[in-house]
Amino acid sequence: MAEHISRKELKQDKIHDAFEHGAEAVYSHKQVALIILLVIAMVAAGYGAWSVYTDRQTAAASAAFDTAMKAYSGHVGAADPAEPGDATYPDDAARSNDAQLKFSMVADKYPNTTPGRLARYYAALCLEDLDKQNQALEQLKKIRSGSDKELASMAEYQTAVIYTRSGKADEAVKIFRTLADKPTVFVPRPLALLELAGALRQTNPKEAVNTYQLVKKEYPESAISEEADRGLDTITPKS
């Protein structure tokens, strides 16, 4: 009898162990599932918080950018009684200085937002207006190395414009040629070609003529063609 009871008890122990291990496995699976759900929840919460943060940053940057744009387009001279809220400046330099400071603040405070990146571009334009070409080029260089391809093309274009105006036509030609071969929405091919021809007038008038002729061939019925004619007149004036 003792042996029979012992075997029965042993059998019961095995059944108990099986249930116990099964319960442990279920509990373990529940723990894993719970951990996965918690991780998903944390990621979702983190993304939501980051999304809210970036939205707020962008909204704040947009408001600051609008304020800078009001300065950039401010009135020079006596205040206009018809527009009492408009910014007014004694001269162009004062307006450019104020706008440049405001744009730089937006660019430095909100560098990872679209308004912040665009503000850096306008800060460079203001520096150029103030005849601070080297500082303008430094700001444009930061934009050119960024991930926004459209804005980078605008910075490339403005860099080449500064080179043309400062006697570095050869460097300007290289940039305009690249922009003409790889146009973007903000720097289309005809614009790049016209600027290329303008820069070539300083170094290679013959190629400049060919480039203007190319513009007329590719865009015959447009204001672009008329601009090419004006460019040709500066090289080979009509009698």
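Along each chain, residues carry numbers from 1 onward, in the same order as the chain's sequence is written. Restriction of local features to residues with pLDDT of at least 70 applies here, the model being predicted, together with a cutoff of 80 or more for giving and counting side-chain atom pairs; totals for whole chains, interfaces and linings are based on all residues. Excluded from the side-chain calculations are hydrogens and water; all other atoms, namely the structure's heavy atoms, are used.

K.L.:
Any chance you could break down the environment of A160 for me, citing the residues and the numbers?
P.N.:
Runs of E in the DSSP output that reach at least two residues are strands. Runs of H or I that reach at least four are helices, and both are numbered from the N terminus. Relative to the assigned elements, A160 resides in helix α5 (residues 149-165). Remark: exposure states derive from per-residue accessible area (1.4 Å probe, protein chains only) relative to the maximum for the residue type, with buried under 20%, exposed over 50%, and partly exposed in between. Looking at A160, the relative accessible area reads 0%, which means it is buried. In the structure, A160 is positioned 12 residues away from A172 in sequence and 4.3 Å away in space, judged by C-alpha atoms. By definition, residues are in contact when any of their heavy atoms lie within 4.5 Å. With sequence-adjacent residues up to four places away left out, A160 is seen in contact with A172, I175 and F176.

K.L.:
Report on the pattern of salt bridges, specifying residues and quantitative values.
P.N.:
For this document, the term salt bridge refers to a Lys or Arg side-chain nitrogen within 4 Å of an Asp or Glu carboxyl oxygen. Applying the stated criterion to the full structure yields 9 salt bridges. In this structure, E207 engages R177 in a salt bridge whose closest nitrogen and oxygen atoms are separated by 2.9 Å. Placement of the pair is E207 in helix α8 (residues 205-218) and R177 in helix α6 (residues 169-181), with a sequence separation of 30 residues. With relative accessibility at 24%, the residue E207 sits in the partly exposed group. What makes R177 partly exposed here is its relative accessible area of 32%. Across the salt bridge formed by R189 and E218, the nearest N and O atoms sit 2.9 Å from each other.

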